[in-house]
Amino acid sequence: HPTEEPVWGLILHKHLSIQRQLADLEKLADLNEGEFTLAVPQNTNLHVTAEKKPCPLCPEEKFKACYGHKLHRHLQNLHWKISVEFEGYRMCICHLPCRIAKPNFVADQTFSKMGAHYHCIICSATITRRTDMIGHINRHVNKGETESRFITAPAPKSSCEVLKEANTDVQVLPNYFTPQKTDSYFNPKMKLNRQLIFCALAVLAEERKPIECLDAFGATGIMGLQWAKHLRSSVKVTINDCNENSVTMIQENCHLNKMKVKVNTKKEDNYEAIGDGDESTDTIEVTKMDANVIMHLRSFDFIHLDPFGTSVNYLDSAFRNVRNLGIVSLTSTDISSLYAKAQHVALRHYGCNIVRTEYYKELAARTVIAAVARSAARCNKGIEVLLAVALEHFVLVVVRVLRGPSPADDSAKKIRYLIHCQWCEERIFQKEGNMVEENPYQQLPCDCHGSMPGRTAVILGPLWSGALFNTGFLRRMLFEAVQYGLDEVQPLLKTVVCEAECTTSKNFSTHSPSDENKQGKRKNNEVMRNATKRQKTDNSAEHPAFYYNIHRHSIKGMNMPKLNKFLNYLSEAGYRVSRTHFDPMGVRTNAPLAQFKTVLMKHSTPTYAGGQTEGPLHLTEDVQVGDQLQAATDNKAKDDEFLEENKSGDSGTVFAEDCPTYSAAD
């Protein structure tokens, strides 16, 4: 029939359970028997009569042919009301034998039941539950797959959003900030992380040119594009990802930034260039491999690992072929385990026992570095920690690789256990040596193990006990950040430089890098010699391990001094002191906890002295307060004795004039 051609055309391209209107389902029953058998599977055995009409979506044994008014209610209530809508189409539930349910075994007989299901309009998959079908369609939409292969007129494709960061444009898919819902993950909150890694790569590019760098988990390719766009001929960038959709997105983003693309997979080598040669001579190599595979096959000078979650599964491959004096940076986003919220996961991934402490962020950084040092030592390589940053969303570690068994042994010796007091939060690394102490808790500077009953301390680790920063490298990173106009990362780098030198911001000097770095390329043997000297220097030159939170150790009923003033008080007392990026209220110092509390108590003011300015609490004030409290206690004791004597008398009556009166001071 001419009026039924649009419906008939749709039947040829998609399943008959997918219709726009309820009337389209009713029209399917109006077809004659020959036409109807073309649209329905041959084994449905449907029977069409002149008066009664069968359901086009149910077999005869489930729903027999009936009159039009009953069929209308059946289609409306059992098929149309529980359908799933997508771009004007309704995916109705289907009872035809398109999908056979699991057989049921009863005695020696097998019964197979026809299962109700939905047909996906995009990929023709069959889904049994309506909620699962809705989630299935949403996953297609999140991946940008909205064009159906079964509809003659393709559905309009969702437009991708273009974001700009550091003069680099990237095209992202919907829900780009949720890794579970998209293949190309892009987190705007990690901008600080990307800038830190760029500064580290820029410093390495000044030492030797050109360098081969790898972004092992490219996603959108934003990090590798920034490397190639700003450092240009100094670097040879390789962006890798194992997901095919991500590789396609990386190629499109390279074309968007007018970069030449060299596609390299396991099976083929394909070269593709976009744009004029004079406009951009930079070439980015895009690979589709597993990260472990590409790091085993090729050697790199700079490797960055940023997987979703922990990166311990890729450390052995990263240190296998990394070149001498190269840099390995890794970003760990499994903060639930590193920040001691899931301690069993930290034990499983890092082989480290940790608990929640006031310095949990530095504890997380030392946990990651210990895993890095062990992986490097298995490859006969040592490490020099250049930078360790732990913020709200990630833990970033940047290390330099030193080849040879001697650097590997030196790095392995810096992995120790930590003794942590659970009462006063004092901590100390366990001493080196093979002799086992009877009571290792006696190494703690506090006396909680002697004055408190039971077990007062726990042993954490193994952890990295060496330095977390390299001052010279950090100063050159700050210089590169100023040179490339990275304003967001400069305050963090200044704080980290002060923390590495254990000085306050007043004593911070912003001098440019040394003349040796300005002259150009540094010789490799000189770098090796300087690195060896740094490892053999005295530990007293390093920054103190861990920090104290000033609020955790405040005195109840006392007003603490301002943090900057407290830093000056500790410095005047003869201790090294600085702020830390791990905690905005943290103080990194080499003062023991007892001295820390003494200085804090000395310069705190009582809460009742509201009009008093901040300053030390003098001894005379302590004596006066103590005398007042003692006098009030003596008066109260005398009054109690007086009341007891009157109660024990003959009359048993206490007169009002005999009762003492209490003042407000008492």
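Residues numbered from 1 in each chain as written. Predicted model: local features only at pLDDT ≥ 70, side-chain atom pairs only at ≥ 80, totals over all residues. Heavy atoms only, no water.

Per an unreviewed UniProt entry, the protein goes by the name tRNA (guanine(26)-N(2))-dimethyltransferase and belongs to Meleagris gallopavo. Its UniProt record gives the protein a comment under Subcellular location (unreviewed entry), which states: "Nucleus, Nucleolus". Quoted verbatim from the Sequence similarities (unreviewed entry) field of UniProt, the annotation for the protein is "Belongs to the class I-like SAM-binding methyltransferase superfamily. Trm1 family." (UniProt positions renumbered as here; feature names shortened; annotations may be inferred.)

Trainee: So what about the overall build of the protein? Which residues, and what values?
Mentor: The helix and strand tally for the protein stands at 22 helices and 26 strands. Residues classed as buried in the protein amount to 47% of the 666 residues present. Within the protein, contacts between residues separated by at least 24 positions form 63% of all contacts whose residues are at least 6 apart in sequence. Summing over all exposed atoms, the protein offers an accessible surface of approximately 33,900 Å²; the carbon and sulfur share of this is 50%. (Helix = DSSP H or I, 4+ residues; strand = E, 2+ residues; numbered from the N terminus. Buried < 20%, exposed > 50% of the residue type's maximum accessible area, 1.4 Å probe, protein only. Contact = heavy atoms within 4.5 Å. Areas by Shrake-Rupley, 256 points an atom, 1.4 Å probe, with all protein chains shown as cover.)

Trainee: Now, about the nonpolar core: what can you tell me, with residues and values included?
Mentor: Counting 113 residues, the largest nonpolar core has Phe319, Ile383, Leu387 and Met477 as its most contacted members. Taken domain by domain, this core gets at least three of its residues from each of domain 2 (161–265 + 281–431 + 442–464) and domain 3 (545–606). If near-sequence neighbours (up to four positions away) are discounted, leucine 387 is found in contact with Leu196, Leu396, Val397, Val398, Leu468, Phe469, Leu474, Met477 and Val496. If you look at the next biggest cluster of nonpolar residues, it comprises 20 residues, including Ile419, Leu444, Phe566 and Leu567. (Core = buried A, V, L, I, M, F, W, Y, C linked by side-chain atoms within 4.5 Å. Domains from an automatic or database assignment.)

Trainee: Give a detailed account of the sheet that holds strand 1 (residues 18–19), specifying residues and quantitative values.
Mentor: The strand order 1-3-2 describes an open sheet built from three strands, whose pairing is antiparallel. This sheet does not close on itself; its edge strands, each paired only once, are strand 1 and strand 2 (84–86). (Pairing = 2+ DSSP bridges.)

Trainee: Quick one: what's the story with the pattern of salt bridges, residue by residue and with numbers?
Mentor: In the structure shown here, the tally under the stated rule is 18 salt bridges. A salt bridge links glutamate 207 to arginine 476; the shortest N-O distance between them is 3.1 Å. Taken together, the residues glutamate 207 in helix 6 (residues 191–207) and arginine 476 in helix 16 (residues 471–483) connect sequence positions 269 residues apart. Each member of the pair, glutamate 207 as well as arginine 476, carries the same accessibility label: buried. Arginine 298 serves as the salt-bridge partner of glutamate 285, at 3.1 Å between the closest nitrogen and oxygen. Of this pair, glutamate 285 sits in strand 14 (residues 283–287) while arginine 298 sits in the loop between helix 9 (291–297) and strand 15 (302–305), and the two are 13 residues apart along the sequence. With relative accessibility at 10%, the residue glutamate 285 sits in the buried group. For arginine 298, a relative accessible area of 24% puts it in the partly exposed group. (Salt bridge = Lys/Arg side-chain N within 4 Å of Asp/Glu carboxyl O.)

Trainee: For the pairing of strand 21 (residues 457–464), give the residues involved together with the corresponding values.
Mentor: Burial analysis of strand 21 places seven of its eight residues in the buried class, which makes it a mostly covered element. Pairing of strand 19 (residues 415–421) with strand 21, which is carried by six bridges, proceeds in the antiparallel orientation. Within the sheet, the bridge partner assigned to histidine 420 lies in strand 21 and is valine 458.

Trainee: Mind laying out helix 17 (residues 490–501), listing which residues take part and the relevant values?
Mentor: Compared with an ideal rise of 1.5 Å per residue, which puts 12 residues at 16 Å, helix 17 spans 17 Å between its outermost C-alpha atoms and is within 8% of the ideal. Buried within helix 17 we find Gln490, Leu492, Leu493, Val496, Val497, Cys498, Glu499 and Ala500. Following helix 17 by one or two positions, cysteine 502 has its phi on the positive side, about 55°. (Expected span 1.5 Å × (residues − 1).)

Trainee: Explain the side chain of serine 465 to me, using residue names and the numbers behind them.
Mentor: Summarising the element assignment, serine 465 is placed in the loop between strand 21 and helix 16. Engagement of the side chain of serine 465 in a polar contact is seen with the backbone oxygen of lysine 414, the distance being 2.6 Å. Setting aside chain neighbours within four positions, we find serine 465 in contact with Arg366, Lys414, Ile415, Arg416 and Phe429. (Polar contact = N/O pair within 3.5 Å; in protein donor to acceptor, adjacent residues only side chain to side chain.)

Trainee: Let's hear about the UniProt feature "domain: C2H2-type" (unreviewed entry) in the protein: which residues, and what values?
Mentor: Feature annotation in UniProt places "domain: C2H2-type" (unreviewed entry) on residues 120–140, given in this structure's numbering. Structurally, residues 120–140 is divided into 52% helix and 10% strand, and its ends, taken at the C-alpha atoms, are 10 Å apart.

Trainee: Tell me what's going on with the environment of lysine 52, and back it up with residues and numbers.
Mentor: On the secondary structure map, lysine 52 appears in the loop between helix 3 (33–39) and helix 4 (68–80). Sequence separation between lysine 52 and lysine 64 is 12 residues, and the spatial gap between their C-alpha atoms is 9.1 Å. Setting aside residues no more than four positions away along its own chain, lysine 52 makes contact with Ala65, Cys66 and Tyr67.

Trainee: Tell me what's going on with the sheet that holds strand 19, and back it up with residues and numbers.
Mentor: Read across the open sheet, the three strands follow the order 20-19-21; overall the sheet is antiparallel. The open sheet terminates on both sides in strands that have one partner only, identified here as strand 20 (427–429) and strand 21. In this sheet, adjacent strand axes meet at a mean angle of 25° when their direction is disregarded. Packing against the sheet, helix 13 (residues 360–378) makes contact with strand 19, strand 20 and strand 21, and its axis sits at approximately 50° to strand 21. (Axes fitted to C-alpha atoms, helices over the stretch in contact; angles between N-to-C directions.)

Trainee: Mind laying out unusual backbone geometry, listing which residues take part and the relevant values?
Mentor: Residue lysine 209 is joined to proline 210 through a cis peptide bond whose omega torsion reads -15°. Looking at where proline 210 falls in the secondary structure, it is placed in the loop between helix 6 and strand 10 (211–215). Between glycine 461 and the following residue, proline 462, the backbone shows a cis peptide bond with an omega angle of 10°. Along the chain, proline 462 turns up in strand 21. Despite not being glycine, alanine 166 has its phi angle at roughly 55°, a positive value. Accessibility expressed as a relative area gives 30% for alanine 166, which makes it partly exposed. In this structure, alanine 219 takes a positive phi of about 60° despite not being glycine. You can see alanine 219 is positioned in the loop between strand 10 and helix 7 (222–231).

Trainee: Kindly report on the environment of serine 17, identifying the contributing residues and their values.
Mentor: The residue serine 17 is located in the loop between helix 1 (5–13) and strand 1 in this model. Of the residues examined, serine 17 reaches a relative accessible area of 0% and is grouped as buried. In this structure, the C-alpha to C-alpha distance between serine 17 and tryptophan 80, residues 63 residues apart in sequence, is 9.6 Å. Contact partners of serine 17, with chain neighbours within four places excluded, come to Leu57, Arg90, Met91, Cys92, Cys94 and His119. Reaching out from serine 17, the side chain makes a polar contact with the side chain of histidine 15 at a distance of 2.9 Å.

Trainee: How would you explain the packing of aromatic side chains if you had to name every residue and give the values?
Mentor: Under the definition given, this model contains nine aromatic pairs. Centre to centre, the rings of tryptophan 227 and phenylalanine 302 are 5.6 Å apart; their planes meet at 90°, and the pair counts as edge-to-face. Taken together, the residues tryptophan 227 in helix 7 and phenylalanine 302 in strand 15 connect sequence positions 75 residues apart. On the basis of relative accessibility, which here comes to 0%, the residue tryptophan 227 falls in the buried class. In this structure phenylalanine 302 comes out as buried when scored by relative accessible area, which is 0%. Look at phenylalanine 566 and phenylalanine 596: their rings are 5.1 Å apart centre to centre, the planes differ by 80°, and that puts the pair in the edge-to-face class. Residue phenylalanine 566 is found in helix 20 (residues 563–572), and its partner phenylalanine 596 is found in helix 21 (residues 593–602); the two are separated by 30 residues along the sequence. (Phe/Tyr/Trp six-rings, centres within 6.5 Å; stacked < 30°, edge-to-face > 60°.)

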